Amino acid sequence: MKKTLLAMALALPLFAVQEHLTLDRALKLVKQNNLEIKVAEDEIEMKTLDAKVAKGYNFGQLNLVVNALRSNDAGNVFGFKLQSREATFRDFGFSDFLGGVGQALQVAGGDFSQFTTVMSDPAMQNQLLNTAPSDLNYPGARNHFQEKLQYQVPLYVGGKLNKYRKIAENMARMSRLDKQKVLNEKIFQTRKTFYDIALVNSYIKNLQIILKNVEELEETVASMVHEGYALDIDLLQVQSKKADVLRMLNQAKLNRDLAYQFLSFLIDDEVRSVSIADKDVPMPVMGKEEMIQRNIDIQKAHLGLEVTDLAVGVERANFYPQVGAFAEYGSADNNFMNDFTDKDAYTVGVQLKWNLFNGYIDQANYEKARIQNLKAHHQVELAKKGIALKIDKIITEIKSREYDIKSLQEKVKLARRVYENYYNRYKEGLISINDVLIKNSEEIQAVLKLAETRNARNNKVFELENIINKGML
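Residues numbered from 1 in each chain as written. Predicted model: local features only at pLDDT ≥ 70, side-chain atom pairs only at ≥ 80, totals over all residues. Heavy atoms only, no water.

Where helix α2 (residues 23-33) contacts helix α9 (residues 160-227), the axes come no closer than 10 Å and their chain directions differ by 145°. In terms of crossing hand, the pair formed by α2 and α9 is right-handed. Packed against α2, whose contacting residues are L23, A26, L27, V30 and K31, the element α9 presents L183, K186, I187, T190, R191, F194 and Y195 at the interface. Tallied by class, residues from the contact of α2 with α9 come to eight nonpolar, one polar and three charged. (Axes fitted to C-alpha atoms, helices over the stretch in contact; angles between N-to-C directions. Helix = DSSP H or I, 4+ residues; strand = E, 2+ residues; numbered from the N terminus. Left-handed = near helix turned anticlockwise from the far one by under 90°. Contact = heavy atoms within 4.5 Å. Nonpolar A, V, L, I, M, F, W, Y, C, P; charged D, E, K, R; others polar.)

Next comes the structure, spelled out in structure tokens:
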């Protein structure tokens, strides 16, 4: 029973839904749950590890090398014995040589002067020198085990490794900016969806007022038709208008449902209702220069410029010598790890490598990197001017729509009052039903235009916030 209750408790978050979700809470859920943000965070981790790899090259590498070999190749067997410090004169073929010398002694009969004469004979010398040593040429198969530690480290490479490390670190910073850009986009989409829902709710509210007025008009016309003061066609026209309002109202509700579904996708949780006031998005308050500097693309352009500066240094390093150190310690024997310290050996050394000529390839690569760096400088300036122009254009559009909103708000109020006036005049028989319905249509158009303009204005503010990286505020 306890296990069942525990399983149900753990499963509750999986089936949780969001009621009266606030914008602050939604933004926290986006940062916590959104899959695209998680993918960007994974990219940051990989780039950070790349920077660690680049840094690691400065410390060189230490390897344990174990060779287990068996061979009857003459060169290999002789080398094995030398590495094992076990080589003897027999291995050089001295047994065959001594056999020839013994024959010479026999010929000399033990007389040293005669032996000297025999050994001085060119024929005897050639015979001895041409003797093929069997021990050297046809050795028996031998096992060979070699265990050694090898350490290699770069001492000087013209600063190339240091610049590679800085490039990798800049790429990690670049990935963090990419993640911030994704985060900004998700914040933009979340906030826009919240305000879209608020605008749709406002639009629905206005349509409900209009629907109520049309239903009241329908009752009045029906009463007048019943009393003979109006025609059936008047009632049909009103009912047709009512159907149009209902269609628009249902469409607005469907759009609101779609917005809820999109918000649920963004926060990776079901949203049934939100809590937000019906108000327009406030304009960001900051200077234009700060807006430009905060822009993610501008920051990436500056990072890219730093990378090209470092790339010039990397290519310049090819003109300098490269110096590395090497150390090796180990032992060898025909049995694994046998008499290790008795047969150990070491090797240390330093290598200098300096390319003097390679067909001017290094010079061409250096010039290419330098031009790329100059291009990056120009791109940064171009990006700044482009972002500044875009900011000015968006701010102008926002101000223009704000003027339109004020005008349309007054127009909605006027259209509503005009409709009420025409409705009262129709009840008095002073005008036709067509006049009333025309004013009703004008009110609907004013309400729709106001909603569209507010939405367009908010979208521009959100676009500006995205450009100026407001997600970092």
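The buried count for strand β8 (residues 344-353) comes to zero of 10 residues, which makes it a mostly uncovered element. Bridge count for strand β7 (residues 322-333) against β8 is 10 bridges, and the pairing is antiparallel. For S331, the partnering residue across the bridge sits in β8 and is D344. (Buried < 20%, exposed > 50% of the residue type's maximum accessible area, 1.4 Å probe, protein only. Pairing = 2+ DSSP bridges.)

This brings us to the pattern of salt bridges. Any two side chains of opposite charge can pair, on the condition that their charged atoms come close. Under the definition given, this model contains 24 salt bridges. The residue E270 makes a salt bridge to R272 at a minimum N-O spacing of 3.3 Å. Accessibility expressed as a relative area gives 48% for R272, which makes it partly exposed. One salt bridge connects R416 with E443, and the closest N-O pair in it is separated by 2.7 Å. Placement of R416 in helix α13 (residues 361-427) and of E443 in helix α14 (residues 433-467) is noted, with a sequence separation of 27 residues between them. Taking the relative accessible area as the measure of exposure, E443 reaches 0% and is therefore buried. (Salt bridge = Lys/Arg side-chain N within 4 Å of Asp/Glu carboxyl O.)

Time to look at the pairing of strand β4 (residues 142-156). Looking down a regular strand, the side chains alternate between one sheet face and the other. Alignment of strand β3 (residues 61-71) against β4, held across 11 bridges, turns out to be antiparallel. Each bridged residue has a counterpart across the sheet, and for S71 the counterpart in β4 is R142. Direction of pairing for β4 relative to β7: antiparallel, over a ladder of 11 bridges. If you follow E147 over to β7, its bridge partner there is S331.

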